[in-house]
Amino acid sequence: MVFTELLDMIEETYSLEVVDAVISASDLPSGGSYTRVGTYPSEEMSMLVATLSREVGAPPEDLLRAFGDRLFGRFVEMYPAFFPADQGIGDFLSGLESYIHSEVRKLYPDAETPTIDVLVDGDDSIELTYQSPRDMPDLAEGLLIGAIGHFGAVLEIQRSDLGGQPPTTRFTLTRPADS
Ligand code: HEM
């Protein structure tokens, strides 16, 4: 589903011609005929984004962030039960691992979800570490941007890529001083 969403985003933002050009220039092991329920190697995501970056002249980090932001909105549309109206962003992020990603792993045993540890101090200050062998912190940042927008929170994101094995990124979400 993440792959079909990426191609949908490319089509809507650019065109179907760009989708075709990106798929044919990426030399994908799967050939690029994705289905919503299929499972594909995460490297193909990086290959697609690298080719798109060359095609449209935008940095891959920006493309992945924009994709994550949009993907969060699609999750909300597709799985509304995961987003109770009375929940704040702090509670949502605290429950992400145990409630959402673990359900994803039960439903799709092949799914590869990251480890996300959350330290919350209310809805105004949240520290989160993202760890994954896939090392996709730009996608994680985009999803966080989408979450902040969805909850109508006023939070700035600071990010430090800490390296390590599996690679770890720390995100600190805080209310800007002037708000
Ligand atoms: C701010 C919130 C979220 C963050 C930061 C986050 C982070 C990520 C990242 C970075 C990945 C890529 C794989 C990896 O890095 O190992 C991922 C995978 C995934 N996440 Fe999340 N996620 C969030 C919310 C959600 C929500 C709301 C859903 C569904 C309702 C969801 C479902 C999934 C699914 C289905 C995958 C793909 C698994 C696969 O295809 O192998 N995530 N998540």
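Description of the structure in this document. Computed from a prediction, not measured in an experiment: that's the story for all the values here. (Residues numbered from 1 in each chain as written. Predicted model: local features only at pLDDT ≥ 70, side-chain atom pairs only at ≥ 80, totals over all residues. Heavy atoms only, no water.)

### What to know about the overall build of the protein chain
Next, step 1: Counting its secondary structure elements, the protein chain contains 6 helices and 4 strands.
Next, step 2: Against the compact-globule benchmark of 16 Å for 179 residues, the protein chain has a radius of gyration of 17 Å, which places it among compact chains.
Next, step 3: With respect to the principal axes defined by its C-alpha atoms, the protein chain has extents near 45 × 40 × 35 Å.
Next, step 4: Counting over 179 residues, the protein chain shows a buried share of 40%.
Next, step 5: By sequence separation, contacts in the protein chain at least 24 residues apart represent 55% of the contacts at least 6 residues apart.
Next, step 6: Just so you have it, the protein chain exposes about 9500 Å², and 51% of that area is on carbon and sulfur atoms.
Next, step 7: Here the protein chain holds 11 positive side-chain charges and 31 negative ones, and the gap between their average locations is 2 Å. (Helix = DSSP H or I, 4+ residues; strand = E, 2+ residues; numbered from the N terminus. Rg over C-alpha atoms; globule rule 2.2 N^0.38 Å. Buried < 20%, exposed > 50% of the residue type's maximum accessible area, 1.4 Å probe, protein only. Contact = heavy atoms within 4.5 Å. Areas by Shrake-Rupley, 256 points an atom, 1.4 Å probe, with all protein chains shown as cover. Lys, Arg positive; Asp, Glu negative; His and termini not counted. Charge placed at Lys NZ, Arg CZ, Asp CG, Glu CD.)

### Some remarks on the sheet that holds strand 1 (residues 115-120)
Next, step 1: Spatial ordering of the open sheet is given by 1-2-4-3, a layout of 4 strands whose pairing is antiparallel. Of all strands in the sheet, those with a lone pairing partner are strand 1 and strand 3 (156-163), marking the two edges. Strand after strand, the sheet turns through a mean of 15° between neighbouring axes, direction not considered.
Next, step 2: Across 6 bridges, strand 1 lies against strand 2 (residues 125-131) in antiparallel orientation. (Pairing = 2+ DSSP bridges. Axes fitted to C-alpha atoms, helices over the stretch in contact; angles between N-to-C directions.)

### Thoughts on the coordination of the iron atom of the ligand
Next, step 1: You will see that the iron atom of the ligand has only one donor from the protein, His101 (NE2), lying 2.1 Å away.
Next, step 2: For His101, the position within the fold is in helix 5 (residues 89-107). (Donors = N, O, S within 2.8 Å, 3.2 Å for Na, K, Ca; no water.)

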